Amino acid sequence: MTKLTDQQFIESTAGQVAAELARRGIPSDQQVTITIEPNDWLTEARRFSRPKVIEAGWSDDDIDRLTKQAQHEVEPSLPG
């Protein structure tokens, strides 16, 4: 029986999706859902800021943890 885990949100480019999934150990036959973001200001801001965050030595897990922490501070009743 497969162990269920929490949802994961991965931000990547279309060209990097397979490599990112493989890096995280997700089997190639596992079902995934991909959301295509519109090319808007938020996408552009992320594209601009992400390399700077990585240069500062932060990992995806660090970013996810800080994002969740800030979300809980704003909306403490949300699960997760």
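Here, the structure is the one placed above.
Caption draft 1: Representation of the overall build of the protein in the model. Counting its secondary structure elements, the protein contains 3 helices and 0 strands. In sequence order, the protein lays out its α and β elements as α-α-α. When the accessible area of the protein is evaluated, it comes to approximately 7,400 Å², of which 56% is carbon and sulfur surface.

Caption draft 2: Quick look at helix α2 (residues 41-55). Compared with an ideal rise of 1.5 Å per residue, which puts 15 residues at 21 Å, α2 spans 22 Å between its outermost C-alpha atoms and is within 8% of the ideal. Taken as a whole, α2 carries its principal kink of about 30 degrees at Ser49; the proline Pro51 stands between one and four residues after it. Positive phi appears at Gly57, one or two residues downstream of α2, with a value of about 95 degrees.

Caption draft 3: Summary view of the pattern of salt bridges. Under the definition given, this model contains 3 salt bridges. Here Glu20 makes a salt bridge to Arg24, at a shortest N to O gap of 2.6 Å. The partly exposed category is assigned to Arg24, whose relative accessible area is 25%. Of the charged contacts, one joins Arg65 and Asp62 as a salt bridge, the two residues approaching to 3.6 Å between their closest N and O atoms. Of this pair, Arg65 and Asp62 both sit in helix α3 (residues 60-74), 3 residues apart, which is roughly one turn of the helix. Asp62 gets classed as partly exposed once you look at its relative accessible area, which sits at 23%. Connected through shared salt-bridge partners, Glu20, Arg23 and Arg24 make up one network.

Caption draft 4: Spatial organisation of a nonpolar patch on the surface. The grouping of Val32, Ile34 and Ile36 at the surface amounts to a nonpolar patch, some 310 Å² of accessible area in total. The topology assignment puts Val32 in the loop between α1 (17-23) and α2.

Caption draft 5: Spotlight on the environment of Leu21. Residue position: Leu21 is located in helix α1. Taking the C-alpha atoms as reference, Leu21 lies 8.6 Å from Ile10; in sequence the two are 11 residues apart. Sequence-distant contacts of Leu21, that is, excluding residues within four places in its chain, are made with Ile10, Ile26 and Val32.

Conventions and cut-offs
- Residues numbered from 1 in each chain as written.
- Predicted model: local features only at pLDDT ≥ 70, side-chain atom pairs only at ≥ 80, totals over all residues.
- Heavy atoms only, no water.
- Helix = DSSP H or I, 4+ residues; strand = E, 2+ residues; numbered from the N terminus.
- Areas by Shrake-Rupley, 256 points an atom, 1.4 Å probe, with all protein chains shown as cover.
- Expected span 1.5 Å × (residues − 1).
- Bend = angle between axes of the 7 residues up to and from the residue.
- Salt bridge = Lys/Arg side-chain N within 4 Å of Asp/Glu carboxyl O.
- Buried < 20%, exposed > 50% of the residue type's maximum accessible area, 1.4 Å probe, protein only.
- Patch = residues over 30% accessible without salt bridge, like charges linked within 9 Å, V, L, I, M, F, W, Y side chains within 5 Å.
- Contact = heavy atoms within 4.5 Å.

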